[in-house]
Amino acid sequence: MISVGFDLDLTLADTRKGIAAAFVALSERTGVPIDTAAVVSRLGPPLEMELANWFPAERVDEMATIYRGFYGEIAVPATVTMPGAAEAVDAVKACGGRVIVVTAKNQVHAEETVRALGLKVDEVAGGLFSTAKGTALSRFGATAYVGDHVADVDAARAAGARSVAVATGPYDAEALLAYGADIVLPDLRVFPETLTELINPGPSSRQ
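Residues numbered from 1 in each chain as written. Predicted model: local features only at pLDDT ≥ 70, side-chain atom pairs only at ≥ 80, totals over all residues. Heavy atoms only, no water.

A. The overall build of the protein chain, seen in detail. Regarding its fold elements, the protein chain presents ten helices and eight strands. With the C-alpha coordinates aligned to their principal axes, the bounding extent of the protein chain is approximately 55 × 35 × 30 Å. Within the protein chain, the fraction of its 207 residues that count as buried is 54%. Contacts in the protein chain between residues at least 24 apart in sequence constitute 59% of all its contacts with a sequence separation of at least 6. Of the roughly 8,800 Å² of accessible surface on the protein chain, 52% is carried by carbon and sulfur atoms. Side-chain charges of the protein chain comprise 17 positive and 26 negative groups, with the mean position of each set lying 3 Å from the other. (Helix = DSSP H or I, 4+ residues; strand = E, 2+ residues; numbered from the N terminus. Buried < 20%, exposed > 50% of the residue type's maximum accessible area, 1.4 Å probe, protein only. Contact = heavy atoms within 4.5 Å. Areas by Shrake-Rupley, 256 points an atom, 1.4 Å probe, with all protein chains shown as cover. Lys, Arg positive; Asp, Glu negative; His and termini not counted. Charge placed at Lys NZ, Arg CZ, Asp CG, Glu CD.)

What follows is the structure in structure tokens.
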């Protein structure tokens, strides 16, 4: 049975509008100007890494707490699925597979987002980034991990899984190929066509 991991932000979920709105709220709350276009152009790493661009180190944890305090109310309702996301998850389930979402987003908001989008996944693991995702992927028995960030390629490698990269985030297909992703797709709409190779893997195919 195949088990597939998916990243959340800009892989399954288009969180850009919601995250921008949450950062606007944080800016208004603190009086600190924040360029939300810059924020959403580099989604993927943990929230604290982004906050460090706008606040001194000693205030980052405080700002993260404030931000998360209204994220569920502001950002989750503004989040939509990425093109082909629901179909990609359903395709894995249709062939008897299992799906885990592994994301840097904190556990509570990751679960809320998945639930709000109606994605039929078996498990959600939040608060993990880059190679730290490998533990959750390995425990779940994931044979492939799908993500939009080069750190998701590292996650797949850490778990001994195939890396399927989608060029829907901060990196284009050329950059993802150069970084070493096993398979590169323009978006999840073509993911179901990739399942045959994931179930019966041959040599790495860089598309």
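B. Summary view of the packing of aromatic side chains. Tallied over the full model, the rule gives four aromatic pairs. On the basis of an interplanar angle of 55° and a centroid distance of 4.9 Å, the ring pair of phenylalanine 23 and tyrosine 67 is categorised as tilted. With a gap of 44 residues between them, phenylalanine 23 in helix 1 (residues 16–30) and tyrosine 67 in helix 4 (residues 60–74) connect regions that are remote in the sequence. When sorted by exposure, phenylalanine 23 lands in the same class as tyrosine 67, which is buried. Clustering of aromatic rings is evident, with ring pairs tying together Phe23, Tyr67, Phe70 and Tyr71. (Phe/Tyr/Trp six-rings, centres within 6.5 Å; stacked < 30°, edge-to-face > 60°.)

C. The pattern of salt bridges, seen in detail. Summed over the entire model, instances satisfying the criterion amount to twelve salt bridges. Note that glutamate 48 and arginine 68 form a salt bridge whose closest N and O atoms lie 3.1 Å from each other. Linking glutamate 48 in helix 3 (residues 47–51) with arginine 68 in helix 4, this pair joins segments that are 20 residues apart in sequence. By relative accessible area, glutamate 48 is classed as partly exposed at 26%. What makes arginine 68 partly exposed here is its relative accessible area of 28%. (Salt bridge = Lys/Arg side-chain N within 4 Å of Asp/Glu carboxyl O.)

D. Focus on the layout of surface pockets. If you add up the space inside the largest pocket, you get close to 360 Å³. Taken together, the elements giving at least two residues each to the lining of the largest pocket come down to helix 1, helix 3 and helix 4. Within the lining of the largest pocket, the residues separate by chemical class into eleven nonpolar, five polar and six charged. (1 Å grid on protein atoms, 1.4 Å probe; cavity = no way out; pocket = protein on both sides within 12 Å on 5 of 7 lines; lining within 4 Å. Points joined across faces, edges and corners; volume = space filled by probe spheres on them. Nonpolar A, V, L, I, M, F, W, Y, C, P; charged D, E, K, R; others polar.)

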